[in-house]
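Report on the structure
Chain by chain, the residues run as shown.
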Amino acid sequence: MNIRLSEAPSKTASPVPDPVLFGFDGPSGRILGRGPARRIAAGSAATLETRVAAALAGAAPDEMIGGALPFDREAGDCLWQCRRSDAPASGGAAPQGLPLPDWRLTAEPAARDYAGAVARALGIMAEEAGSRDALEKIVLARTLLVESTAPIPVEALMARLHADRSVTAFRVALPAGPEHPQGRALCGATPELLVEKRGRRIASHPLAGSARRLADAAADRAAAQALSGSAKDHREHALVVESILDILAPYCRELGCPEGTCITSTRSMWHLGTRIEGRLKDEDTPSVVLASALHPTPAVCGVPMARAAGFIKALEPVARDFYAGAVGWCDASGDGAWHVAIRCAEISGRRARLYAGAGIVPGSDPMAEAAETGAKFGALLAALGLPQDAALQGVPCNGET
C-alpha cells in the first residue's frame, strides 16, 4: 500500500480521500486514522517505549499513533502517526463485492493434522508434568487461505464485520513488500480487550475458554452452561488472568477483578471473561507501552511464554506475523485502547489468510480443539459470504453458498 504523505488538491478534480491507516469500531467507540501520515520506524518490543516517546514528544493534540504489534516480540511492528478523522471509512458508499463470486479454500493445516499437533503438545505436557519450567498451556493456531477470482473488497468486509456490536471491528494498513507489492490490510472482529487507558484508569478483559454458539436456543444455553462448569476451561482462563495481573501490578496503585469471571459472548462464540480494572501510578504511561508489556498473553501463547512460543514455531506450519499480537491506538496524551489481534484475516488483493487458535491444557481433546478453531473462523467466513462450516471440511470449495 503506497501511503501518500502530502499532495496539493487538484483544481479540476474532486479530492481523493487520504487512505485509511487504521480503524476501530466497537464497545469502546469509533476511531479512524487517515493520512497524510508517517510510519514510525519499525522495531522490536524492546525499543517501542523509546520510539513512541519520541513520536509523541512533538505530536499535535489531534495526532495519534495506531497500528499493529506482531506476535513475535523480536519482529518489527507497524505503527502509523496521523490525525484522527471523523469521516466514514467508505465515504458513505454502499459496500459492494461480497459475497465472493468464486473462491477456493485451503486449510493449513487441515483439521486432522491440527489435531495431531494438539496431541503432540499434550504428550509434551505429560512428559514434563511436575518438572521445573514444565509446559502448562500452549495455544496452537491454524489458518485458512481463501483465494478468489476477484479482489476482496476491504470496505465491504468491514461493513459486514461492524454488524456484531459485541466485538471491535478493526483494520490496519500493513506496508508493501516483495510478496505484497500492492500492500495488505489486517482486518478482523476481536472480542478481547488487551488494555484500555483513560487518564489513570486502565482496564483489560481477557477471554480464555470458549464454546461455539448454536442456532437452537436450548442447545445454545446448554453450551454456555457447560462452559461455565468446565474445570478445564476455568484452569485455562485462570492462567491468563493471573499473568495479566502480575504484569500490570508494577504499573498500578490499585488493581483487581471486581466482577469476577463471567460468561460473555459474540454472535458466534461463548467465552469465559474476567474484567480487570486498575489505577496507574504514572498517568503519563502510554497505552501502547502497556499493550506491549502485556502481549502475547497466555490467551494466545501459553505458559511459560518463552517455551510455548518456541513450540508454536515448531508445531505451526504458517508464521503468525501480526495474528495474536495487538492492534490499537494511542493519542497524544497516552490514552487509547489495544485489542488482541484474533478473529482476523490478512487481506491482499484476491487472497485472504484467516487465523484461529485454541488453548491446549491437560485434559484437552484434540478433535474438539480442531472444532473450536473451525468455529472461530465463523465470523470472518460469514463476513466474506462463505459457508461457516468450510473450516471444518478443509477442502477446495466453489462459490455456491
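What this report covers is the structure whose coordinates are included nearby. Counting restarts for each chain: residues are numbered from 1 in the order of the written sequence. In keeping with the predicted nature of the model, local features appear solely for residues at pLDDT of at least 70, side-chain atom pairs appear and are counted solely at 80 or more, and the whole-chain, interface and lining totals rest on all residues. Hydrogens and water are ignored here; the side-chain numbers use all heavy atoms of the structure.

The next thing to look at is the sheet that holds strand β14 (residues 269-274). One bridge is not enough; two strands pair if DSSP finds at least two bridges between them. Only DSSP runs of H or I covering at least 4 residues are called helices, and only runs of E covering at least 2 are called strands; the numbering of each starts at the N terminus. Pairing is antiparallel across the open sheet formed by three strands, whose spatial order is β11-β14-β13. Two strands bound the open sheet, and with one partner strand each, they are β11 (207-212) and β13 (261-265). Between one strand axis and the next, the sheet turns through 25° on average, direction left out of account. Judged from the five bridges that link them, β13 and β14 form a sheet pairing that is antiparallel. Within β14, the residue paired with Thr261 across the bridge is Thr274. Sitting on the sheet, helix α5 (residues 231-248) touches β11, β13 and β14, and the angle it makes with β11 is about 150°. An axis is simply a line fitted to the C-alpha atoms; with a helix, the fit covers only the stretch in contact. Between two such axes, the angle follows the N-to-C directions and lies from 0 to 180 degrees. Contacts are assigned to residue pairs that have any heavy atoms within 4.5 Å of one another.

Attention shifts here to the packing of helix α2 (residues 111-128) against helix α7 (residues 305-315). The interhelical angle for the contact between α2 and α7, taken along N-to-C directions, is 145°, at an axis separation of 11 Å. Taken as a pair, α2 and α7 cross one another with a handedness that is right-handed. For the pair α2 and α7, contact is made by Ala117, Arg120, Ala121, Ile124 and Glu128 and by Arg307, Phe311 and Leu315, respectively. Residue classes in the contact of α2 with α7 are distributed as five nonpolar, no polar and three charged. Should the near helix be turned counterclockwise from the far one by less than a right angle, the crossing is left-handed, whereas a clockwise turn marks it as right-handed. For this scheme, ten residues count as nonpolar: Ala, Val, Leu, Ile, Met, Phe, Trp, Tyr, Cys and Pro. Four count as charged, namely Asp, Glu, Lys and Arg, and the remainder, Gly too, count as polar.

The next point concerns helix α4 (residues 217-228). Here the expected length of a helix is defined as 1.5 Å per residue gap, with one fewer gap than residues. Relative to the 16 Å expected for 12 residues at 1.5 Å per residue, α4 spans 17 Å between its end C-alpha atoms, a close match to the ideal helical length. Exposure classes here rest on a 1.4 Å probe applied to the protein chains alone. A residue is buried below 20% of its type maximum, exposed above 50%, and partly exposed in between. For α4, every residue scored as buried is listed here: Asp220, Ala223, Ala224 and Leu227. For α4, the angular spread of the buried residues around the axis is 95°, confining them to a single face. Away from its buried face, by an angle of more than 90 degrees, α4 presents the exposed residues Arg221 and Gln225. Lining the buried residues of α4 we find β11, α5, β13 and β14. The arc in question is traced by the directions running from the helix axis to the C-beta atoms.

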